[in-house]
Amino acid sequence: MTLAQDILNRNRRALAKGISAIENDPVQRRKLLKALGPHTGRAHVVGITGSPGAGKSSLVNQLTGSIRKSGRTVGVLAVDPTSPFSGGALLGDRIRMQDHLSDFGVFVRSMGSRGSFGGLARATKDAIQLLDAFGTDVILVETVGVGQLELDVMYAVDTTVLVLTPGAGDLIQTLKAGIMEIADIFVVNKADLDGANGVAMDVEGLLALEPEKAWRPPILLTTTRDVAGYDALDQTLTDHHRHLSCHGRMEQKRIARVQREIVDIAVARIRNIVENSLSEPGIGPDLVRQVTDRRMDAYTAAEQILDALPHLTDNNF
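If you're wondering where the values come from, they're calculated on a predicted model, not measured in any experiment.

1. What to know about the packing of aromatic side chains
Across all of its chains, the model carries 0 aromatic pairs by this definition. Here the basic side chain of R10 rests over the ring of F134, its NZ or CZ set 4.9 Å away from the ring centre. Cation over ring: R260 sits above Y155, and NZ or CZ is 3.7 Å from the ring centre.

Shown next as structure tokens:
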């Protein structure tokens, strides 16, 4: 039986092996995604983002427990900084998910960001599809936490949760540069600390300046001492999923996601081809030397390489 079929049959070991394959084996990755693609599109994909230290991992742990109360299955992709030596996840956020180790309705995988400045590597987006095909009801994607740059998540998920904490510095600085616009739900975590209500009021004030929308992002307060806050977050996630489905927004978001995904894959392949061409005798080195010697400008050199693309081959898709 093939690996793809094992994943469709909900074999957890096959799922883990499949995610490793999409991280490390381009050929196997293409085969898996081609086979599993028709079986995706059913999961509710949720992105959990925010600055480092906001308590995202603890929140995901508690939220998973709330989701499991209804019997829904949960997949967690915890994106960590990449090790400069192994290329794998550096922190291993699975240590914060100990409460669910014996729960076969929960699958947790740490993945490295692999240098992605937007917080999500290509493999993470592909792993979402594997979890979806596996039959997971809710997929939680916890991003690495890189502040204002971390916008990739909004293009990979259905619902984006932005986690804030009291005492984390200037709120306006935290929310500027587009980070506020990506949030479908705001969560003020560690709400038992002083200043939590103030953060919620500040966000409410900023939201009041925004144009009226069909979905107004709610602001929730959570703390590990009160499970009710995570139950409320689970219900709000369900409400947002229902809102997207009822207003046709789910289809719009997924079309936009697929368009961006196709562009990203195509650009990555072209980049590989161009980089490889720069080392090919008679093509790249000569152009590089001409630009270095100021006998040609870089734009002209790039145009010549692009003109030659149909004659170049590359297997690292």
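Moving on, there is more to tell.
2. Some points on helix α9 (residues 249–277)
Between its terminal C-alpha atoms α9 stretches 42 Å, which fits the 42 Å expected from 29 residues at 1.5 Å a residue. Within α9, the full set of buried residues consists of M250, K253, R257, I273 and S277. For α9, the elements touching its buried residues are β5 (159–164), α8 (227–246), α10 (284–292) and α11 (298–307).

3. Topic: the pattern of salt bridges
Going through the model one piece at a time under the given rule, you end up with 16 salt bridges. Between E23 and R109 there is a salt bridge whose closest N-O contact spans 3.1 Å. Within this pair, whereas E23 is found in helix α2 (residues 12–24), its partner R109 is found in strand β3 (residues 106–112), the two being separated by 86 residues in sequence. Residue class for E23 comes out buried when judged on its relative accessible area of 16%. Classification of R109 by relative accessible area gives buried; the value is 12%. With its nearest N and O atoms 2.6 Å apart, the salt bridge here joins R216 to E204. With R216 in the loop between α7 (196–208) and β7 (219–221) and E204 in helix α7, this residue pair connects regions lying 12 residues apart in the sequence. Given a relative accessible area of 38%, R216 falls into the partly exposed group. What emerges from the salt-bridge pattern is a single network uniting R122, D126 and E261.

4. Examining the pairing of strand β1 (residues 44–50)
Counted residue by residue, β1 has 7 buried out of 7 residues, so it is predominantly covered. Neither face of β1 is open: one carries H44, V46, I48 and G50, the other V45, G47 and T49, and all of them are buried. Sheet topology note: the β1/strand β4 (residues 138–142) ladder contains 5 bridges and is parallel. The residue bridging H44 from the neighbouring strand is V138, located in β4. Pairing of β1 with β5 involves 5 bridges; the strand directions are parallel. Its bridge partner lying in β5, T49 is registered against L162.

5. Considerations on helix α4 (residues 56–68)
An α-helix turns once per 3.6 residues; consequently, residues spaced three or four apart project the same way. If you check α4, its first and last C-alpha atoms are 18 Å apart, about what 13 residues at 1.5 Å a residue would give, namely 18 Å. Within the span of α4, buried status applies to K56, S57, L59, V60, N61, L63, T64, S66 and I67.

6. Things to note about the environment of R12
Here R12 is to be found in helix α2. Assessed through its relative accessible area of 27%, R12 is described here as partly exposed. A sequence separation of 122 residues divides R12 from F134, and the C-alpha atoms of the two residues are 8.6 Å apart. Setting aside residues no more than four positions away along its own chain, R12 makes contact with D103, F104, V106, F107 and F134. Side-chain polar atoms of R12 contact the backbone oxygen of F104, separated by 3.2 Å.

7. As for the pairing of β5
Burial of β5 is extensive: 6 of the 6 residues sit out of reach of the surface. By the alternation rule, side chains of β5 split into T159, V161 and V163 and T160, L162 and L164, which are all buried. Examined bridge by bridge, β5 and strand β6 (residues 185–188) share 4 bridges and lie parallel to one another. Bridged to V161 within β6 is I185.

8. A closer look at the side chain of H240
Inspection of the secondary structure assignment puts H240 in helix α8. Overall, the relative accessible area of 2% leaves H240 in the buried class. When residues no more than four places from it in sequence are discounted, the contact partners of H240 are D158, T159, D184 and W215.

9. Side note on the sheet that holds β3
Adjacent strands of a sheet pair through backbone hydrogen bonds, lying either parallel or antiparallel. The 7 strands are arranged β3-β2-β4-β1-β5-β6-β7 in an open sheet whose pairing can be described as parallel. Of all the strands in the sheet, the pair left with one neighbour each is β3 and β7. Strand-to-strand twist in this sheet, taken as the mean axis angle between neighbours without regard to direction, amounts to 20°. Judged from the 7 bridges that link them, strand β2 (residues 74–80) and β3 form a sheet pairing that is parallel. When the bridges of β3 are listed, L77 appears paired with R109.

10. Considerations on the nonpolar core
Grouped together as the largest cluster of nonpolar side chains are 31 residues, with contacts concentrated most on I7, L15, L32 and L130. Elements supplying a minimum of two residues to this core: α1 (3–8), α2, α3 (26–36), β2, β3, α5 (122–134) and β4. The greatest single-element share of this core, amounting to 7 residues, is contributed by α5. When sequence neighbours within four positions are dropped, the list of residues in contact with L32 reads L3, A4, I7, G18, A21, I22 and L130. Core analysis: the second largest hydrophobic core is formed by 21 residues, L59, V60, V76 and Y230 among them.

Quick notes on the rules
Residues numbered from 1 in each chain as written. Predicted model: local features only at pLDDT ≥ 70, side-chain atom pairs only at ≥ 80, totals over all residues. Heavy atoms only, no water. Phe/Tyr/Trp six-rings, centres within 6.5 Å; stacked < 30°, edge-to-face > 60°. Lys NZ or Arg CZ within 6 Å of the ring centre and 35° of its normal. Helix = DSSP H or I, 4+ residues; strand = E, 2+ residues; numbered from the N terminus. Expected span 1.5 Å × (residues − 1). Buried < 20%, exposed > 50% of the residue type's maximum accessible area, 1.4 Å probe, protein only. Contact = heavy atoms within 4.5 Å. Salt bridge = Lys/Arg side-chain N within 4 Å of Asp/Glu carboxyl O. Pairing = 2+ DSSP bridges. Polar contact = N/O pair within 3.5 Å; in protein donor to acceptor, adjacent residues only side chain to side chain. Axes fitted to C-alpha atoms, helices over the stretch in contact; angles between N-to-C directions. Core = buried A, V, L, I, M, F, W, Y, C linked by side-chain atoms within 4.5 Å.

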